[in-house]
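Descriptive structure summary
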Amino acid sequence: MLNKKKEFASVDEVYDKALDMLALREHGGRDMFEKLLLKGVTEEQAEQVVTLLKQAGLIDELRYGKAVYRGWLAKKCFGKVHLVGTLTKKLVDKSVWQEILTEFTPELEEEHAKEAAFLFFTKYHAKHFENKKKLWSTAAAFMVNRGFGPNYMDLVLGYFNQNNQD
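Nothing here was measured: the structure is a model prediction, and the numbers come from that model. (Residues numbered from 1 in each chain as written. Predicted model: local features only at pLDDT ≥ 70, side-chain atom pairs only at ≥ 80, totals over all residues. Heavy atoms only, no water.)

1. Description of the pattern of salt bridges
Once the charged atoms of two side chains with opposite charge are near each other, the side chains can pair. If you walk through the whole model with that rule in mind, you get 7 salt bridges. Between E61 and K54 there is a salt bridge, with the nearest N and O atoms lying 3.6 Å from each other. By relative accessible area, K54 is classed as partly exposed at 40%. As a salt-bridge pair, K114 and E110 come within 3.7 Å of each other at their nearest N and O atoms. Here K114 and its partner E110 are both found in helix α7 (residues 106-124), 4 residues apart, which amounts to about one turn of the helix. You can call K114 partly exposed: its relative accessible area is 46%. Taken together, the shared-partner salt bridges connect R25, D31 and K35 into one network. (Salt bridge = Lys/Arg side-chain N within 4 Å of Asp/Glu carboxyl O. Buried < 20%, exposed > 50% of the residue type's maximum accessible area, 1.4 Å probe, protein only. Helix = DSSP H or I, 4+ residues; strand = E, 2+ residues; numbered from the N terminus.)

2. Brief notes about a negative patch on the surface
A grouping of E34, E43, E44 and E47 is seen on the molecular surface, where their side chains present a negatively charged patch. With 3 residues, the top contributor of residues to the negative patch is helix α3 (residues 43-55). As for its placement among the helices and strands, E47 is situated in helix α3. (Patch = residues over 30% accessible without salt bridge, like charges linked within 9 Å, V, L, I, M, F, W, Y side chains within 5 Å. Areas by Shrake-Rupley, 256 points an atom, 1.4 Å probe, with all protein chains shown as cover. Lys, Arg positive; Asp, Glu negative; His and termini not counted. Charge placed at Lys NZ, Arg CZ, Asp CG, Glu CD.)

Written as structure tokens, this is what we have:
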């Protein structure tokens, strides 16, 4: 059975649908606009509704960005590059990125890197890396995929060496 999109006759119907969506979670303007289009709303209707929601204070870009950040932060093992990717993917307005990114301090990123290092160690502790190049490349890929720069490689390798002496 095909998933047929509903046709919305009026902006009021679209507004009600948007309120239902906001009852479930925060949305930013671009995010709401895109989701409404996926539901079969015209671009004009979506634009009007997003404007109305912003005027009513129901859509707030900073509030949405911080909600995305809180959800991302709970994962505890990702770096700043991954955060930027998440903000992009979730369509967080770039005007609020700076405020969000300043909340993710270098100290907090280091804590996240330690969590990632622990994950790396628990995943690879049973493997014996006789080849240091293999260890380095595996650790580098692991950390880069989690959004950490090269400055955190010593941390993960130190953790690995310290706990893999046996």
